[in-house]
Amino acid sequence: MKRRDTPLYKQQSTPCFGKEMPRLFPRMSMSEVDEKVRLLAEKVYASALKEEDNKDALALFSVLEDCPIGLHEDRERALQKELAEQQSQETAKRKKNFMLKRSQSVSLQIPISGDWNLPLNSQILSPRTPEPALPECFPDFQRVTISGDYCAGITVEDYEQAAQSLLKALFIREKYSRLAYHRFPRIIARFLRNAENEKWREEDEVLPDIWPFPHEAEDPYSMEGIPEDLNYELQLKDGIVHVYDNAEALKQEQPRSLPYPDLETFAIDLSHVLAMIADGPTKTYCHRRLNFLASKFYLHEMMNEMAELKELKRVPHRDFYNVRKVDTHIHAAACMNQKHLLKFIKTTYQTEEERVVLEKGSEKITLKQVFNNLNMDPYDLTVDSLDVHAGRQTFHRFDKFNSKYNPVGASELREIFLKSDNYIKGEYFARIIKEVAKELEESKYQHAEPRLSIYGRSASEWEGLASWFIQHKVHSPNIRWMIQVPRIYDIFKSKQLVPNFAKMLENIFLPLFEATINPQKHKAIHVFLKYVTGFDSVDDESKHSDHMFSYKSPKPEAWTTDDNPPYTYYLFYMYANIMVLNNLRKERGLNTFQFRPHCGEAGSITHLVSAFLTADNISHGLNLKKSPVLQYLYYLAQVPIAMSPLSNNSLFLQYSKNPLREFLQKGLCVSLSTDDPMQFHYTKEALMEEYAIAAQLWKLSTCDLCEIARNSVLQSGLSHQEKKHFIGSNYLQDGPEGNDIRRTNVAQIRMAYRHETLCNELSFLVDAVKTEVDSSLAE
């Protein structure tokens, strides 16, 4: 293996974020990229396109487990490589250096706030190294300790190569998270600073800026105290909105000092992570570590389950029912169950049958006429005839699933009852959402984050949605709103609604920049955006795209074909505009937004690579089980994943095969969500239905359920103040320190186990890199 000349943290694609870090996007040229990395990344993309054509599982992304001959040959090759390595004096020397580094790792590993050393009891310690003293907040429980060879089964060179690749990916994610004001966990940042031989400082931490709910006495729709106009100029350039101080700066093309991402740099960073997927040593290392994590949790549970339960029984007042839970992935148009919708339609018809609800041409149509035209009487409707529930017929048929949004198969009823922009100005839609919100408020401990749609076909959509929100007073303390952008440019282009992809981006983002710069002129949008916490990118991920994303992809202004851009193209331009918008809003003291796309539900594994760079958290993530490298990366970076097993069961994956339980055991940050209660659930409390079915099928403990609930609050768009109230004032701290068991009902034993295990995995990577650097200096 070729040794690295430059330390990992000094390379350009992974800049250090110290106190002097400018809020600019560090650019690179494709000429700086290793040709081997670029070619390997292109190979991965080409294989992904081929997979979409053939609809086969991609062998490139998975470790062979069901092919005995291939597995035997792989083991033979690995054994020969390991035997050869044992004869190498250089390898023996590096191995000795590493063992020395590991023995010192406990006390020197990372700088920690406070006076206590980081407990790493799960680490491989030298027999002479005494176990570190535990801080008071860390409980005493039976810990699993592995002794012996630090990387049994793989060679030192393979191990170092895997560690370098994984650390580089974490540096890249940190760069994109910080620039967009996404959350990046403290413990990971501490290890990355340690790899750079620097000290992590709390003041350098970057967090989303989300405003808390207004107090009861305050008017949530008040238009007083709105900031003044900044008189900035705006221009969409290469698909990204650029901000200029004045007309003169625009004329001279001198934008404000904000981070403007460029496609080439993003493609370079993406290539590094893509190349990892196909790298043999990295795949093997990640596969082994994931198996170890699963086995380790099994042992932890076997030895500590009763101790965790005993700990929970001592907590006064708090149990699973009254811990805070957030439905982190739900669509507003399907946020009610089918019985609720049926009852609402019948009640509305009884009281307002003569009301004009539609206009076709010059003809005005009443609710009674709508049902007469459909040859049906609302009184005779049942949940079966309403036909909004997904079932066997929707499995792998996203087109049939989308048709379930039309009650009794009639698009007219969808427009009347489930749209915000119709003849009655979305009144019925607002009413039914307010009924759902009232039920959430009565339950007290449940919150939801419904998605409202902005399509990008017209710049007036934002004004219409904001006016709907304010006019019908849809605000609720138990609801935070998100905006979903469907990936349907091809439909708008075929209908000649937009000339190119840039126009769609302009319609989506320019009104937000205008409302940020001059809120006085866009008061409704300004008020509405206070309660919007993020953006989602939605549609059928399995839809095929013939275009292979690269740095040579056409700019949005030049994307004039009828074909839909690929998933990665959508994600980059959404992320890029959200990043610039967040930095501008932060300057003004306004709330920022998170990017939380649907990802990994179906389609190519490359979608998860794009989201690893750009997303704060994702929804679904099923395809992580296809790639050990990506699954391990999502674990190391603690990327939150909102999973919806009941939704997947009707669309893409049988419930018993859902990886949620497996992900939870390994330590990935997963939460439960409903997706579309109208299609998938039967009861009034759809979120509790999700928890109940998961608990029964997978025999989840109370501690498991409360851990999932705590994760849902962490990854939600609730404000910092609300999270402090719901899960503890120190929730940003790592491990048991950050857990208030009186609020979360998660055992301190469980929190200590999760923290120590993650520290152990991260320390393997940092120690490998630092050992190699030390060896190079010694030489």
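Look up a bit, the structure's there.
Residue numbers run consecutively from 1 along every chain, following the written order of its sequence. With pLDDT at 70 or above as the cut-off, local features in this predicted model cover only qualifying residues; side-chain atom pairs require 80 or more to be listed or tallied, and sums for whole chains, interfaces and linings still use all residues. Just so you know, side-chain values use all the structure's heavy atoms and leave hydrogens and water out.

1. Regarding the packing of aromatic side chains
What counts here: We call Phe, Tyr and Trp rings a pair once their centres come within 6.5 Å, taking the six-membered ring for Trp, and we label the pair stacked below 30 degrees between planes, edge-to-face above 60, and tilted otherwise. Counting from the N terminus, the helices are the DSSP runs of H or I reaching at least four residues and the strands are the DSSP runs of E reaching at least two. Burial classes: relative accessible area under 20% of the type maximum marks a residue as buried, over 50% as exposed, and values in between as partly exposed (1.4 Å probe, protein chains only).
Counted according to the given criterion, the structure contains 32 aromatic pairs. Their ring planes at 55° and their centres at 5.9 Å tell us that Phe-297 and Tyr-753 sit as a pair that is tilted. In this pair, Phe-297 is assigned in helix α8 (residues 280-313) and Tyr-753 in helix α29 (residues 748-778), connecting sequence segments 456 residues apart. Per residue, the accessibility class of Phe-297 equals that of Tyr-753, and both read buried. Each ring, one from Phe-501 and one from Tyr-569, has its centre 5.5 Å from the other, and the planes form 55°; the classification is tilted.

2. A closer look at a nonpolar patch on the surface
Selection rule: Residues forming no salt bridge and having over 30% relative accessible area are the ones grouped into patches, like charges within 9 Å of each other and nonpolar side chains (Val, Leu, Ile, Met, Phe, Trp, Tyr) within 5 Å. To be clear on the numbers: accessible area is Shrake-Rupley with a 1.4 Å probe, and residue cover counts the displayed protein chains and nothing else. We count a salt bridge whenever a side-chain nitrogen from Lys or Arg sits within 4 Å of a carboxyl oxygen from Asp or Glu.
On the surface, Tyr-298, Leu-299, Met-302 and Met-303 cluster together to form a nonpolar patch covering roughly 400 Å² of accessible area. With respect to the element layout, Leu-299 can be found in helix α8.

3. Topic: helix α9 (residues 338-352)
Stated formally: By this rule the span expected of a helix is its residue count minus one, scaled by 1.5 Å. By definition, residues are in contact when any of their heavy atoms lie within 4.5 Å. As used in this structure description, the phrase polar contact means that two N or O atoms lie within 3.5 Å; if the pair is within protein, one of them must be able to donate a hydrogen and the other to accept it, and residues adjacent in sequence are counted only when both atoms belong to side chains.
Relative to the 21 Å expected for 15 residues at 1.5 Å per residue, α9 spans 21 Å between its end C-alpha atoms, a close match to the ideal helical length. Gln-338, His-340, Leu-341, Leu-342, Phe-344, Ile-345, Thr-348, Tyr-349 and Glu-352 are the residues of α9 that are buried. Buried-residue contacts for α9 involve α10 (367-373), α11 (383-386), α13 (411-417), α14 (427-443) and α24 (677-680). Measuring from the backbone nitrogen of Lys-339 back to the side-chain oxygen at the start of α9 gives 3.0 Å, which picks out Asn-337 as the cap.

4. Looking at the sheet that holds strand β9 (residues 594-595)
Rule in force here: DSSP-based pairing: two strands are paired if at least 2 bridges between them are found.
Read from one edge to the other, the open sheet built from five strands follows the order β3-β6-β7-β8-β9, with strand pairing classed as parallel. At either margin of the open sheet sits one strand with a lone partner, and together these are β3 (325-331) and β9.

5. Notes on the nonpolar core
For clarity, the threshold we go by: Take the buried residues of types Ala, Val, Leu, Ile, Met, Phe, Trp, Tyr and Cys, join any two whose side-chain atoms come within 4.5 Å, and each joined set is a nonpolar core.
Formed by 197 residues in total, the largest nonpolar core has its most connected members in Leu-170, Trp-481 and Tyr-634. Sort the elements by how many residues they give to this core and helix α19 (residues 567-588) lands first, with 14 residues. Judged by nonpolar contacts, the second largest core, of nine residues, contains Phe-213, Leu-718, Ile-727 and Tyr-731.

6. With respect to unusual backbone geometry
Residues other than glycine predominantly adopt negative phi, and peptide bonds predominantly adopt the trans conformation. The phi torsion at Asp-238 lies on the positive side, around 55°, for a residue other than glycine. On the secondary structure map, Asp-238 appears in the loop between β1 (233-237) and β2 (240-244). Given a relative accessible area of 36%, Asp-238 falls into the partly exposed group. Positive phi, normally seen in glycine, also occurs at Gln-496, with a value near 60°.

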